[in-house]
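Breakdown of the fold
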Amino acid sequence: MPQGSSHPRPHRVVLVVDENSNPFEMGCATEIFGLRRPELGRDLYDFRLCAADAATRMRDGFFTLTGVAGLEAAEDADTLIVPNRPDTDTPRSPRVLDAIRRAHARGARLIGFCSGAFTLAEAGLLDGRRAACHWMWAPSFRARFPRVRLEPDVPFVDDGDILTASGSASALDLGLHVVRRDHGAEIANHVSRRLVFAAHRDGGQRQFVERPVPDVPDASLAPLLAWAQERLDDPLTVADLAAHARVSPATLHRRFRAQLGTTPLAWLTAERVTLARRLIERGEERLDVVAARSGLGTAANLRARLRRETGLSPSAYRRRFAGAPGEALMA
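Residues numbered from 1 in each chain as written. Predicted model: local features only at pLDDT ≥ 70, side-chain atom pairs only at ≥ 80, totals over all residues. Heavy atoms only, no water.

Here's the deal with the confidence of the model for the protein chain
Put simply, the rule reads: Confidence scores here are pLDDT values: one per residue, from the predictor, ranging 0 to 100. Segments assigned H or I by DSSP are reported as helices when at least four residues long, segments assigned E as strands when at least two residues long, and all are numbered from the N terminus.
Across the protein chain, the average pLDDT comes to 84, with 88% of residues at or above 70. Across the protein chain, the secondary-structure element scoring lowest on mean pLDDT is helix α6 (residues 185-195), at 79, and the one scoring highest is strand β5 (residues 79-82), at 97.

Focus: the packing of aromatic side chains
Stated precisely, the cut-off is as follows: What counts as a ring pair is set by centres within 6.5 Å for rings of Phe, Tyr and Trp (its six-membered ring), and what kind of pair is set by the plane angle: stacked under 30 degrees, edge-to-face over 60, tilted for all other angles. With a 1.4 Å probe rolled over the protein chains alone, any residue whose accessible area is under 20% of its type maximum counts as buried; one over 50% counts as exposed, and the rest are partly exposed.
Evaluation of the coordinates by the stated rule reveals six aromatic pairs. Consider the rings of Phe 118 and Phe 141, whose centres lie 5.0 Å apart with planes at 85 degrees: the pair is edge-to-face. Taken together, the residues Phe 118 in helix α3 (residues 116-122) and Phe 141 in helix α4 (residues 138-144) connect sequence positions 23 residues apart. Judged by relative accessible area, Phe 118 falls into the buried class, the value being 0%. Judged by relative accessible area, Phe 141 falls into the buried class, the value being 0%. Between Phe 256 and Trp 267 the ring centres are 6.1 Å apart and the planes differ by 65 degrees, which places this aromatic pair in the edge-to-face class. With Phe 256 in helix α9 (residues 249-260) and Trp 267 in helix α10 (residues 264-281), the pair connects residues that are eleven residues apart, well separated along the chain. Each member of the pair, Phe 256 as well as Trp 267, carries the same accessibility label: buried.

A few points about the nonpolar core
Threshold: To form a nonpolar core, buried Ala, Val, Leu, Ile, Met, Phe, Trp, Tyr and Cys residues must be joined to one another through side-chain atoms within 4.5 Å. In what follows, residue pairs with any heavy atoms lying within 4.5 Å of each other are defined as contacts.
Grouped together as the largest cluster of nonpolar side chains are 31 residues, with contacts concentrated most on Cys 50, Leu 80, Ile 100, Leu 110, Leu 120, Leu 126 and Phe 141. Setting aside residues no more than four positions away along its own chain, Leu 126 makes contact with Ala 117, Leu 120, Ala 121, Ala 131, Phe 141, Arg 147, Val 148 and Ile 162. Judged by nonpolar contacts, the second largest core, of 30 residues, contains Leu 15, Met 26, Ile 111 and Leu 174.

Remarks on the sheet that holds strand β1 (residues 11-17)
What counts here: One bridge is not enough; two strands pair if DSSP finds at least two bridges between them. In this analysis an axis means a line fitted to C-alpha atoms, helices contributing only their contacting stretch, and an angle means the value between N-to-C directions, from 0 to 180 degrees.
Spatially, β2-β1-β5-β6-β10-β9 is the arrangement adopted by the six strands of the open sheet, whose pairing is mixed. Both outer strands of the open sheet, β2 (45-51) and β9 (156-158), are each paired with one neighbouring strand and no more. Geometrically, the sheet is characterised by an average inter-axis angle of 15 degrees between neighbouring strands, direction not taken into account. With three bridges joining them, β9 and strand β10 (residues 162-165) adopt antiparallel strand pairing. The residue bridging Phe 156 from the neighbouring strand is Ala 165, located in β10. Against the sheet, helix α1 (residues 23-34) engages β1, β2, β5 and β6 (109-113), with an angle of about 155 degrees to β2. Packed onto the sheet, helix α2 (residues 94-105) meets β1, β5, β6 and β10 and runs at close to 150 degrees relative to β5.

Quick look at the pattern of salt bridges
In plain terms, the rule: The rule for a salt bridge is simple: a side-chain nitrogen of Lys or Arg has to be within 4 Å of a carboxyl oxygen of Asp or Glu.
Summed over the entire model, instances satisfying the criterion amount to 22 salt bridges. The salt bridge partner of Asp 46 is Arg 48, with a shortest N-O separation of 3.2 Å. Judged by relative accessible area, Arg 48 falls into the partly exposed class, the value being 31%. When the shortest N-O distance is used, the salt bridge between Arg 101 and Asp 98 registers 2.8 Å. Of the two residues, Arg 101 and Asp 98 both sit in helix α2, three residues apart, roughly one turn of that helix. A relative accessible area of 32% means that Arg 101 is categorised as partly exposed.

Focus on empty space enclosed by the protein
Where empty space is left can be seen by rolling a probe of water-molecule size over the atoms. Cut-off, in case you're wondering: A 1.4 Å probe that fits into a set of points on a 1 Å grid over the protein atoms alone but cannot get out defines a cavity; an open set with protein on both sides within 12 Å along at least five of seven lines defines a pocket, and lining residues are those with an atom within 4 Å of a point. Grid points are joined across faces, edges and corners, and a volume is the space filled by probe spheres set on the points.
Evaluation of the coordinates by the stated rule reveals three cavities of 30 Å³ or more. Space inside the largest cavity adds up to approximately 50 Å³. Around the largest cavity, the lining residues are Leu 15, Val 16, Val 17, Ser 21, Asn 22, Glu 25, Met 26, Met 58, Val 82, Pro 83 and Asn 84. Listing elements by their share of the lining of the largest cavity, those giving two or more residues are β1 and α1.

Points about the environment of Val 273
With respect to the helices and strands, Val 273 occurs in helix α10. Exposure remark for Val 273: the relative accessible area of 6% places this residue in the buried category. In sequence terms Val 273 and Arg 305 are 32 residues apart; their C-alpha atoms lie 6.9 Å from each other.

Some remarks on the side chain of Ser 21
Defined as follows: Pairs of N or O atoms within 3.5 Å make up the polar contacts considered here, provided that, within protein, one atom can donate a hydrogen while the other can accept it, and that residues adjacent in sequence are counted only when both atoms are side-chain atoms.
As for its placement among the helices and strands, Ser 21 is situated in the loop between β1 and α1. Its relative accessible area of 4% is what places Ser 21 among the buried residues. At a separation of 2.9 Å, a polar atom in the side chain of Ser 21 contacts the main-chain carbonyl oxygen of Asp 18. A distance of 3.1 Å separates the side chain of Ser 21 from the backbone oxygen of Asn 84, its partner in a polar contact.

Pasting the structure below:
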């Protein structure tokens, strides 16, 4: 940042690349945290790569990464993304593990994509904490790290200062979740549109796992979801959704579980909270208006739901996110 600038330096995100790391997750981190976004009027993050060695052989020898900073770049990271790789039984570099421990000790946020959970667990930072990992590796992870509270059926876990994503594609889910947590829903929506990717897939949804193909393909929920999203301020119930879809509530529940990994009521509530957040970010200060327009009913319910989702009161959320650059992008 130039001297005399009135803007603080952006939050610094550093990705550690280790021997045999997967380039897909490196690309996900670069896309989300590394791209310049002049249309927002500011940089969201200061992103850089680092590695323990001057030349790092990537997964299966696809290519060799050179020309990135050494591990010293991890020393001033605000968020450190730890390395992942498919050979989970091979110990990580002691130098890398030490850098991760030092980052955690000084208060940096840690992120593990896919098998990055193994790296964090090897560093001894997940004992007694919640974490996600790919369902294929869940048995071996549990055997090696029994003190970690593994949640293998979800795309990602946000455990405060340590966040983990279960698989390669869920690195995008977790990355967008971090942007949303740092900068609000409007900015996260903008980043997701640049990616042509869903803006928010809740961390409580189940991972996509292999299952038998049904004899009769299930009807898509997309038309029903679009219909409901246009009527969030109405007193919609699960029975209303089922009636519009012309199915029983039990059938609708099964379809939501199968296609979205959640229940109709949980989805409807999450959509209403998301709408309430966007209204607050756009400057609406009257809680009764936000509650009514989002379908949450009362200011008291809005406060409870927002605090459960974000850990912030409406006033604290407004101070942090209202009026952020880019708020008109979704208008």
